[in-house]
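Below, each chain spelled out in residue letters.
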Amino acid sequence: MGRIIELPKIIDPRGNLTVAQQMKEIPFELNRVYWTYDVPSGESRGGHAHIECQEILVAVSGSFHVTLDDGKERQTYHLNHPYQGLYVGAGIWRELDDFSSGAVCLVLASHFFEESDYIRDYDQFLEFVRCSK
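Residues numbered from 1 in each chain as written. Predicted model: local features only at pLDDT ≥ 70, side-chain atom pairs only at ≥ 80, totals over all residues. Heavy atoms only, no water.

*Asks:* Describe the packing of aromatic side chains, and please don't skip the residues or the numbers.
*Replies:* Per the counting criterion, the structure on display carries 6 aromatic pairs. Considering the side-chain rings of tryptophan 93 and phenylalanine 125, the 5.5 Å spacing of their centres and the 45° angle between planes classify their relative orientation as tilted. In this pair, tryptophan 93 is assigned in strand S10 (residues 93-97) and phenylalanine 125 in helix H1 (residues 122-131), connecting sequence segments 32 residues apart. Across the pair, exposure class does not vary: tryptophan 93 and phenylalanine 125 are buried alike. The ring centre of tyrosine 87 lies 4.7 Å from the NZ or CZ of arginine 3, which sits over that ring. (Phe/Tyr/Trp six-rings, centres within 6.5 Å; stacked < 30°, edge-to-face > 60°. Helix = DSSP H or I, 4+ residues; strand = E, 2+ residues; numbered from the N terminus. Buried < 20%, exposed > 50% of the residue type's maximum accessible area, 1.4 Å probe, protein only. Lys NZ or Arg CZ within 6 Å of the ring centre and 35° of its normal.)

*Asks:* How would you sum up the nonpolar core? Please name residues and give values.
*Replies:* Judged by nonpolar contacts, the single largest core of 16 residues is most densely connected at Leu57, Phe64 and Val66. By residue number, the principal contributor to this core is strand S7 (residues 64-69), which donates 3 residues. When sequence neighbours within four positions are dropped, the list of residues in contact with valine 66 reads Leu57, Gln75, Thr76, Tyr77, Leu79, Leu86, Glu95 and Leu96. Ranked by size, the runner-up nonpolar core spans 8 residues in total, among them Ile5, Leu7, Ile56 and Tyr87. (Core = buried A, V, L, I, M, F, W, Y, C linked by side-chain atoms within 4.5 Å. Contact = heavy atoms within 4.5 Å.)

Just distances and angles here, no functional claims.
Encoded structure:
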């Protein structure tokens, strides 16, 4: 469903550095980068699936939970290391919640934004999963 990708962590006394290169650590061509921040306490993000887009989610600051759902089972990941990314393939429902104060979620995406790639209704997502098998 999802998998944690260890990103290179270069330790330096001046401050650490992490690199994510497409087709190396990132298993797809990178076309879009965005980040979510200042999420109010108790709020959630996500609540959708993508038809084609693949993503890697990184907690570059703070922490949050990501629950992935393939239509049959759900798995929750706690992201809190800026040198780890959670790979989320196409056709996976995702919900992000329990954001710590100051949390920043960086997303590396395989596709440009296109509304038609989103499934925003959970029942439609389940139908999509059923029909794509």
